[in-house]
Amino acid sequence: MSLEILAQEKVWLDKSKYADAERVYYERLSKLRMNKNDLVHKNANGALLQQLDKVHKPPTPPSSNLNNNAVVQSQNKKDIEVVAIDCEMVGINPDGRQNMLARVSIVNSKGKTIYDKFVKPTATVTDYRTPVSGIRPENIEHGEVFVKVKKEVTQILKNKLLVGHSLEHDLRVLTISHPKHMIRDTSKYWQFKQLTEGQLPGLKQLALHFLGASIQEGEHSSVQDAKAALRLYMLARKDWELLLKKRRSRPRNRNKPQNKSQGKHK
C-alpha cells in the first residue's frame, strides 16, 4: 500500500473535518423543509398551500429500501456495537471474472481498524486487479488461510450493526450471512440514492459529495473504504434509524381478505 493511501486514511480520524461534513449534510437535508416553511408563512390560500406541499415535500423513501423487520431501538446502547467492513478481491477462472477474497478490513465506530488481513488464495489467481484492488502476489502469498479468516470475521460481526457499501458482495465472497435488520448498506439508503436519481451510487461519489473527501484515487484500500462507509452512515444515522423505526411501528395487515373471484394458480 502506498504512503499516499495511508495518508488519506488518516483523514477519517480528523474530527474537525468530519464535523464540517456533518453540518453540511444536515443543512442540505433541512433545506427543503426551510423553503416550505417560508412559503407557508407567506401564503394563506389553502389550494396554493396544498400545491406547494406537493412540490416541496421531501421524497418518501421507497419501501424496498426499508425492508428491515427490526431496528436498533437506542443509539446509545452499549450492547449494540457498530462496525464497518470492506473487502478487496482478485479474479479466478480463465477469464478472471469470478471473485476470490484477498483482503478484509473492519473498523469500529470510532474509525479504528480492528481487523485487517490478507487472505491466502484457495485457487489459482488469474487477475490480481492491482490497479483497482491494490493486491499484489506477495501480499497474499503468505496470507492467512481462508477458513481462519472466515471464523474470525464471523465472530467479530456477531451481534453487531454491520455497515458497508454493496455489502452483498463482501458477504458473498466471505461465504457468511448477517441478519438483515442488522445491516446498513450505504449503497441502498434512499437519501444517498437521490444523488443518482434512484440508481445505486458509488462509494467514491458519495464520499466526495457528502464528506468532501476524495477516495479510490488509483489503487483502492479496504480500510479506507470501510471508514468512508462508516462516516456516511454516521452522518445519516439519526434520520436512517428514525425511518426504520417508523416503518417498524406501522401496523401490519396480516388478515388481508382474499379475492374470492380468483382461483388457485396451477
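Structure shown above.
It should be emphasised that the depicted structure is a prediction, and the values quoted were computed from it without experimental measurement. (Residues numbered from 1 in each chain as written. Predicted model: local features only at pLDDT ≥ 70, side-chain atom pairs only at ≥ 80, totals over all residues. Heavy atoms only, no water.)

Trainee: Residues and numbers for the pattern of salt bridges, please.
Mentor: Here the structure, examined in full by the defined rule, presents 8 salt bridges. Of the charged contacts in the structure, one is a salt bridge between glutamate 144 and lysine 117, with a shortest N-O distance of 3.4 Å. With a gap of 27 residues between them, glutamate 144 in the loop between helix H5 (137-141) and helix H6 (146-157) and lysine 117 in strand E3 (residues 113-118) connect regions that are remote in the sequence. For glutamate 144, a relative accessible area of 23% puts it in the partly exposed group. For arginine 136, the salt bridge identified is with glutamate 219, shortest N-O distance 2.6 Å. (Salt bridge = Lys/Arg side-chain N within 4 Å of Asp/Glu carboxyl O. Helix = DSSP H or I, 4+ residues; strand = E, 2+ residues; numbered from the N terminus. Buried < 20%, exposed > 50% of the residue type's maximum accessible area, 1.4 Å probe, protein only.)

Trainee: Tell me about the packing of aromatic side chains, and name the residues and values.
Mentor: If you walk through the whole model with that rule in mind, you get 6 aromatic pairs. Between tyrosine 189 and phenylalanine 192, the ring centres sit 5.1 Å apart and the planes meet at 80 degrees, which makes this aromatic pair edge-to-face. Geometrically, the ring pair formed by phenylalanine 192 and tryptophan 240 is edge-to-face, given 6.3 Å between the ring centres and 90 degrees between the ring planes. Of the two residues, phenylalanine 192 is situated in helix H8 (residues 190-193) and tryptophan 240 in helix H10 (residues 222-249); the sequence distance between them amounts to 48 residues. Judged by relative accessible area, which is 0%, phenylalanine 192 ranks as buried. Among the aromatic residues, those joined into a cluster by ring pairs are Tyr189, Trp190, Phe192, Phe210, Tyr233 and Trp240. (Phe/Tyr/Trp six-rings, centres within 6.5 Å; stacked < 30°, edge-to-face > 60°.)

Fair warning: the whole summary comes from geometry, so function is off the table for now.
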